[in-house]
Every structure is written in structure tokens, then in C-alpha cells.
Amino acid sequence: MTKNSTQSLVLNGQISRWHTFTSQQAINEATLQRILALAEEAIAARGAFTIVLAGGNTPKQVYELLRHAKADWSKWHVYHNDDRCLPADHPERNSLMARQAWLDHVAIPADQIHDIPAERGPVEGAAAYAKTLQGLGEFDLVLLGLGEDGHTASLFPGHTWDDSVDAFPVYNSPKPPAERVSISARRLSHTRAVIFLVTGAGKQEAVNNWRSGVAIPATVIKPANGVDVYVFGVALN
Ligand SMILES: O=C(O)[C@H](O)[C@@H](O)[C@H](O)[C@H](O)COP(=O)(O)O
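Residues numbered from 1 in each chain as written. Predicted model: local features only at pLDDT ≥ 70, side-chain atom pairs only at ≥ 80, totals over all residues. Heavy atoms only, no water.

Engineer: Requested: an account of the overall build of the chain, with residues and values cited.
Structural biologist: Each helix and strand in the chain was counted, giving 6 helices and 10 strands. Scaling as 2.2 N^0.38, a compact globule of 237 residues should have a C-alpha radius of gyration of about 18 Å, and the chain matches this with 16 Å. The principal-axis extents of the C-alpha atoms in the chain amount to approximately 45 × 40 × 30 Å. Considering the chain as a whole, with its 237 residues, one finds that 52% of them fall into the buried category. (Helix = DSSP H or I, 4+ residues; strand = E, 2+ residues; numbered from the N terminus. Rg over C-alpha atoms; globule rule 2.2 N^0.38 Å. Buried < 20%, exposed > 50% of the residue type's maximum accessible area, 1.4 Å probe, protein only.)

Engineer: An account of the confidence of the model for the chain is needed here, citing residue identities and associated values.
Structural biologist: Across the chain, the average pLDDT comes to 97, with 98% of residues at or above 70. Model confidence for the complex: the whole-complex pTM is 0.98, and ipTM, which rates the interface, is 0.98. (pLDDT = per-residue confidence, 0-100.)

Engineer: Break down the site of the ligand for me, citing the residues and quoting the values.
Structural biologist: Around the ligand, the structure places 16 residues, and the nearest of them are Thr-58, Asp-82, Arg-84, His-151 and Ala-153. Asn-94 has a polar side-chain atom sitting 3.1 Å from an oxygen atom of the ligand. Taking Arg-180, its side chain carries an N or O atom lying 2.9 Å from an oxygen atom of the ligand. Burial of the ligand by the surrounding chains reaches 95%, relative to a free accessible area of 420 Å². (Near = heavy atom within 4 Å. Polar contact = N/O pair within 3.5 Å; in protein donor to acceptor, adjacent residues only side chain to side chain. Areas by Shrake-Rupley, 256 points an atom, 1.4 Å probe, with all protein chains shown as cover.)

Engineer: Mind laying out the nonpolar core, listing which residues take part and the relevant values?
Structural biologist: Among the nonpolar cores identified, the biggest contains 37 residues, and Leu-188, Phe-196 and Trp-210 are the most heavily contacted of them. Put simply, the parts of the chain that give this core at least two residues each are helix H4 (122-133), strand E6 (141-144), strand E7 (167-170), strand E8 (180-183), helix H5 (185-189), strand E9 (194-199), helix H6 (204-211) and strand E10 (227-232). (Core = buried A, V, L, I, M, F, W, Y, C linked by side-chain atoms within 4.5 Å.)

Engineer: Now, about the packing of aromatic side chains: what can you tell me, with residues and values included?
Structural biologist: One pair of aromatic rings is described through two measures. These are the centre distance and the angle between the planes. Tallying each qualifying case throughout the model produces 10 aromatic pairs. Ring centres 6.0 Å apart and planes at 55 degrees place the aromatic pair Trp-73 and Trp-102 in the tilted group. Of this pair, Trp-73 sits in the loop between helix H2 (60-67) and strand E4 (76-80) while Trp-102 is found in the loop between helix H3 (94-101) and H4, placing the two residues 29 residues apart along the sequence. Of the two residues examined, Trp-73 and Trp-102, each falls in the buried class. Considering the side-chain rings of Phe-196 and Trp-210, the 4.9 Å spacing of their centres and the 75 degrees angle between planes classify their relative orientation as edge-to-face. Taken together, the residues Phe-196 in strand E9 and Trp-210 in helix H6 connect sequence positions 14 residues apart. Neither Phe-196 nor Trp-210 differs from the other in exposure class; each is buried. (Phe/Tyr/Trp six-rings, centres within 6.5 Å; stacked < 30°, edge-to-face > 60°.)

Engineer: Tell me what's going on with the UniProt feature "domain: Glucosamine/galactosamine-6-phosphate isomerase" (unreviewed entry) in the chain, and back it up with residues and numbers.
Structural biologist: If you check UniProt for "domain: Glucosamine/galactosamine-6-phosphate isomerase" (unreviewed entry), the listed places come out as residues 23-226 in our numbering. Within residues 23-226, the helical portion is 31% and the strand portion 15%, while the C-alpha atoms at the span's ends are 24 Å from each other. (UniProt positions renumbered as here; feature names shortened; annotations may be inferred.)

Okay, structure coming up:
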């Protein structure tokens, strides 16, 4: 048995389904299988699969599993939900992590991998990415992480963000670096599926707040089909 339970909640207008796993391997494998299943569905239905990647450390092991997966990579289109305003080859860049762990090792056409040009700075990078996203319909899957303070993507507590645009500049991020580019909450919510990947005791307080109705930034992600939250090493009190 690799999964403990699934519970559904409706809080702050967000539908969330909580899936707890009994090991890091189990949560990684379940995430991999769900991504591949959603890709097959999307490609069968619409001839393409559009995925928006999470940054940070948590998803890296899943990206490493994707490196060895069998998929019709020619139909995959990859975006990022945020990135840090650092040089493109900086080890802290989310896009570099995804390329090294996975994208450099599979045959997704180069023009179907859309890094955020965050090296151009928050304003230019956001404007360029908003152009990249223009006219793109519903995403098929958005992967998201959760920060200890309840942030997701680069939507931080106490910040305001412009939901009239698809991508926006971030300043004074409490998680270094201070300057970033993020897809907006509204645009991240325009998706057929969301998986939050949440592991480790450090996320316990954020999960407790989320599940007790505190409007942490993760709660602004409100796709019509709700969000799936995959957790390991965090108690669902
Ligand atoms: O640029 C980033 O860091 C991410 O966009 C951020 O939202 C991340 O997903 C969370 O902070 C969780 O990070 P970990 O997975 O490293 O805990």
C-alpha cells in the first residue's frame, strides 16, 4: 500500500483533494504516473500536452523519473510557473534544474520548451513571457510546490499581484533571489489539472493553515476541476 488516503475539501472557493503517501518513492512514482496518464489523455484528445513545471527542489526527483519514461515527447509543450532573475546558466534557475534533470535527456522539440527569460530582469522577462503565453488555451497540467510560508510559484504572502496579465514581475521575494518572474494566479488556474507536490515536515505549518481555511497564496489556485495535493512526510490533521 503506497497511498494512505484521499480526502476532499472546499475552502476559500478552492476544491482540493489530498493524497497522502507512505514514502518518497511512492509519491514520486504516483506523480510520474499521473503526469504520463494526463499526457496520454491530452495527446489522444487534442494532439498535444501542455505542462507547466514547478521550481524549487521537491519536483526534481519526479523530473529525473521522467527522463527515463516512455512518452510521445514530440507532442509535449513545457512551460514554467516561475523563475528567478538570475543568469540562464545559474545553478539556482528553475529552468536549468528541469533541463539537467529531464529535458536535456528526452526528445521534446527545442521550440516546445519555453523557459522564462528571467535573466532579462523582472519587467522585461515578464513581458516576454506574457507574449509567449498569449493565445495559449487551457494548460493540461500545472505542477506547483508549496513554500513553508504558504507561497506557491512566486505568489508570496503579503504581496499583491496583477491578475490582469499572464505573467508579472516579482520584487522583494522573501525567498531569494528577490527578483523573479511568475505566471499569474488567474493564468495558473486556467488549467485542466493541478498537482501540488508537498513533502517534508517543513511544510506542516503551511498545510495546517491551508486546511484550516487560512487564505495562504496556494489557495488562489482555483481551477474548475480543483487541485490535487500530493503529500509525504506531512500530517493531514
Ligand atoms: O522558485 C521557487 O522556489 C518555486 O517556484 C517555489 O514556489 C517553490 O516551488 C517552493 O518554494 C517550494 O520549494 P521546495 O520544493 O524547494 O521546497
